[in-house]
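Descriptive analysis of the structure
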Amino acid sequence: MHFMTALQAAWQQRDSLLCVGLDPDPAKLPAHLQGRPDAIFEFCKAIVDATADLVCCFKPQIAYFAAHRAEDQLEALIAHIHAVHPATPVILDAKRGDIGSTAEQYAVEAFERFKADAITVNPYMGRDSVAPYLAWPDKGVILLCRTSNPGGSDLQFLEVDTPHGRMKLYEHVARTVAEDWNASGNCGLVVGATFPAEIARVRELTGDMPLLVPGIGAQGGDIAATLAAGRTANGTGLMINSSRAVLYAGKGEDFADAARQVALDTRDAINAQR
Ligand SMILES: O=C(O)c1cc(=O)[nH]c(=O)n1[C@@H]1O[C@H](COP(=O)(O)O)[C@@H](O)[C@H]1O
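Residues numbered from 1 in each chain as written. Predicted model: local features only at pLDDT ≥ 70, side-chain atom pairs only at ≥ 80, totals over all residues. Heavy atoms only, no water.

This brings us to the UniProt feature "domain: Orotidine 5'-phosphate decarboxylase" (unreviewed entry) in the chain. The sites that UniProt annotates as "domain: Orotidine 5'-phosphate decarboxylase" (unreviewed entry) are residues 17–259. From the first C-alpha to the last, residues 17–259 spans 17 Å; its make-up is 41% helix and 20% strand. (UniProt positions renumbered as here; feature names shortened; annotations may be inferred. Helix = DSSP H or I, 4+ residues; strand = E, 2+ residues; numbered from the N terminus.)

Here's what the structure looks like:
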């Protein structure tokens, strides 16, 4: 199924804009899982099973798996999500960016090896570096636009001359993706919850394009401001990610119950603003 079709169905059927981010840090895993060879898989599987009915998508971050030689556990986790929660799309957060021939391999890694439904991609090497992902028309390609971190302003906030006049670089990225790269309707953009004014500007430039919005929870982004700035006319359009605040809500054997409670509270806090 097309990523965008699956996402829209999940928004409606789950009545949720929450994306739970799967960023398993071995040092933060509950004591009873520490040291097990499959600890990362077991931890994430428990979080997934406890929260799947509350989310519109999951977003595993590849670094947390690759750094610990756990790519096989990432493969198993995504296979588990597809088998047990088939209506829940998976975004592989890899923030790839490279020349076209290398990007082709990254696309195969994301979509064939890991069987992700979408991937995060860095747009700053330009159209030919993104084309190999766009060539998979059923897969979502979610491009960094206005990132949540403070240093995001170093480059993304610079004023540049464009064919449409002078604007900030992130605005030019939003406009270019919406008007040029999105021919197959499979693009989304990343805009941090820490910058609601820029969420509003990106919404203005891109119509109803889905926005992945990290930065609530541990990074302190504001849910009400995010919704006011970014929701579409039908009250969707956003995948609002929370990772650490959900994953590490509890430290004991009941960690998945604690994660579910935070996910539930976060989903409801989001829905209260729709
Ligand atoms: O693409 C992303 O997901 C992303 C973009 C961005 O601008 N900021 C950002 O925090 N992220 C990711 O979103 C997650 C945020 O995690 P928490 O701050 O723990 O909720 C991490 O996996 C980050 O890598």
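After presenting the structure, the write-up continues.
What follows covers the side chain of S242. As for its placement among the helices and strands, S242 is situated in strand 10 (residues 238–242). Dropping the residues within four chain positions of it, S242 is found in contact with L18, C19, V20, G21, I216 and G217. (Contact = heavy atoms within 4.5 Å.)

A separate point is the UniProt feature "active site" (unreviewed entry) in the chain. Feature annotation in UniProt places "active site" (unreviewed entry) on K95, given in this structure's numbering. Along the chain, the position of K95 falls in strand 3 (residues 91–96). Not counting residues within four places of it along the chain, the set of residues in contact with K95 comprises Q61, T120, V121, N122 and L144. Separated by 2.9 Å, the side chains of K95 and D93 make a polar contact. (Polar contact = N/O pair within 3.5 Å; in protein donor to acceptor, adjacent residues only side chain to side chain.)

Right, let's talk about the site of the ligand for a bit. The full set close to the ligand counts 16 residues, and D23, S148, Q219, S243 and R244 are the nearest of them. The separation between an oxygen atom of the ligand and a polar side-chain atom of K59 is 3.0 Å. Take Q219: an N or O atom from its side chain is 2.8 Å from an oxygen atom of the ligand. Notes on the ligand: free accessible area 510 Å², of which the protein chains cover 90%. (Near = heavy atom within 4 Å. Areas by Shrake-Rupley, 256 points an atom, 1.4 Å probe, with all protein chains shown as cover.)

This paragraph deals with the pairing of strand 3. Across the six residues of strand 3, five count as buried, placing the element largely inside the fold. In this sheet, strand 4 (residues 118–121) lies alongside strand 3 in parallel orientation, the contact comprising three bridges. If you follow I91 over to strand 4, its bridge partner there is A118. Where the polypeptide runs from strand 3 across helix 5 (residues 100–113) and back to strand 4, its parallel neighbour, the crossover connection is right-handed. (Buried < 20%, exposed > 50% of the residue type's maximum accessible area, 1.4 Å probe, protein only. Pairing = 2+ DSSP bridges. Right-handed = clockwise from strand over helix to strand, strands pointing away.)

The next thing to look at is the packing of aromatic side chains. What characterises a pair of aromatic rings is the spacing of the ring centres plus the angle enclosed by the ring planes. Within the structure shown, the criterion is met by four aromatic pairs. When the ring of F43 is compared with that of Y248, the centres are 5.9 Å apart and the planes differ by 10 degrees; the resulting orientation is stacked. Taken together, the residues span a long stretch of sequence, with F43 in helix 2 (residues 39–51) and Y248 in the loop between helix 11 (244–247) and helix 12 (255–271) at a distance of 205 residues. Assessed through its relative accessible area of 14%, Y248 is described here as buried. Here the aromatic rings of F111 and W136 are separated by 5.2 Å at their centres, their planes lie at 55 degrees, and the arrangement is tilted. Of the two residues, F111 is situated in helix 5 and W136 in the loop between helix 6 (127–134) and strand 5 (140–146); the sequence distance between them amounts to 25 residues. Chaining the aromatic ring pairs together yields one cluster made of F43, Y248 and F255. Between K168 and the ring centre of F157, over which it is positioned, the NZ or CZ distance is 4.7 Å. (Phe/Tyr/Trp six-rings, centres within 6.5 Å; stacked < 30°, edge-to-face > 60°. Lys NZ or Arg CZ within 6 Å of the ring centre and 35° of its normal.)

This next bit is on the nonpolar core. Counting residues in hydrophobic clusters, the biggest one holds 86 residues, and the most contacted among them are L22, F43, L143, L189 and M239. The biggest single contributor to this core is helix 2, with eight residues. Once residues lying within four places of it in the same chain are set aside, the contact partners of F43 are P24, L29, P30, L33, L247, Y248 and F255. (Core = buried A, V, L, I, M, F, W, Y, C linked by side-chain atoms within 4.5 Å.)

On to helix 1 (residues 3–14). Under the 1.5 Å per step criterion, the end-to-end length of helix 1 is 16 Å for twelve residues, consistent within 8% with the ideal 16 Å. Within helix 1 the residues assigned to the buried category are F3, M4, A6, L7, A10, W11 and R14. An end-on view of helix 1 places all buried positions within 160 degrees of arc, on one side of the element. In helix 1, those exposed residues whose orientation departs by more than 90 degrees from the buried face are Q12 and Q13. Phi turns positive one or two residues past the end of helix 1, at D15, with a value near 50 degrees. (Expected span 1.5 Å × (residues − 1). Arc of directions from axis to C-beta.)

Buried residues dominate strand 8 (residues 187–191), accounting for five of its five residues. Here strand 8 shows a buried face lined by C187, L189 and V191 and a second buried face lined by G188 and V190. The pairing of strand 5 with strand 8 spans five bridges and is classified as parallel. Bridge pairing links L143 to L189 in strand 8. The pairing of strand 8 with strand 9 (residues 211–214) spans two bridges and is classified as parallel. The residue bridging L189 from the neighbouring strand is L211, located in strand 9. You can see the chain leave strand 8, run along helix 9 (residues 196–206) and come back into strand 9, and the turn it takes is right-handed.

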